[in-house]
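Observations on chain architecture
Chain by chain, the residues run as shown.
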Amino acid sequence: RDRYQRRVRGFWENLDPPILFRMSLVVAILSVDMPEEKQDRAIEIAKNALKEQKKIISESQNQKDFDKSLATLLKQKFDDQYGLHWNAIVGSSFGSAVVHQSGMYIYFTIDDKAFLLFRS
């Protein structure tokens, strides 16, 4: 969990958003009950999808469709790799209270995008 911490103090908070986008994406794990290997895989999938953001946005019409496509991609990858019944929610602002299997939950952000992935 300590590997992914939001850097918001000092130098980082004075940068303009276009400069931040050109730099590495900032990941923060907010809540987790999942082995590190699965955590890393979820973050890797999300980061790769965000890096391909321009291609995905050009295929979808708006931000809501983009968030839905990210959630679908994350769910499909985890269903394929770790078995069925994964759920994914992606967005900029949402709340949740979910029941999940033990060791099958992660809630993290990448920059201003929030990702909730869990298995029910």
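What this report covers is the structure whose coordinates are included nearby. (Residues numbered from 1 in each chain as written. Predicted model: local features only at pLDDT ≥ 70, side-chain atom pairs only at ≥ 80, totals over all residues. Heavy atoms only, no water.)

1. Points about the packing of aromatic side chains
For clarity, the cut-off: Whether two aromatic rings pair depends on their centres lying within 6.5 Å, for rings of Phe, Tyr and Trp, where Trp uses its six-membered ring; planes under 30 degrees apart make the pair stacked, over 60 edge-to-face, and the rest tilted. Strands are runs of DSSP state E lasting at least two residues, helices are runs of H or I lasting at least four, and both sets are numbered from the N terminus onward. Burial status follows relative accessibility: with a 1.4 Å probe on protein chains alone, a residue under 20% of its type maximum counts as buried, one over 50% as exposed, and anything between as partly exposed.
This model, assessed by the stated rule, comprises five aromatic pairs. On the basis of an interplanar angle of 65 degrees and a centroid distance of 6.1 Å, the ring pair of Phe94 and Tyr107 is categorised as edge-to-face. Separated by 13 residues along the polypeptide, Phe94 in the loop between β2 (86–91) and β3 (105–110) and Tyr107 in strand β3 bring together distant segments of the chain. Looking at Phe94, the relative accessible area reads 25%, which means it is partly exposed. Tyr107 sits in the partly exposed class, given a relative accessible area of 22%. Judged by centre distance (5.0 Å) and plane angle (5 degrees), the rings of Phe108 and Phe115 are stacked.

As far as function goes, none of this settles anything; it's purely spatial.
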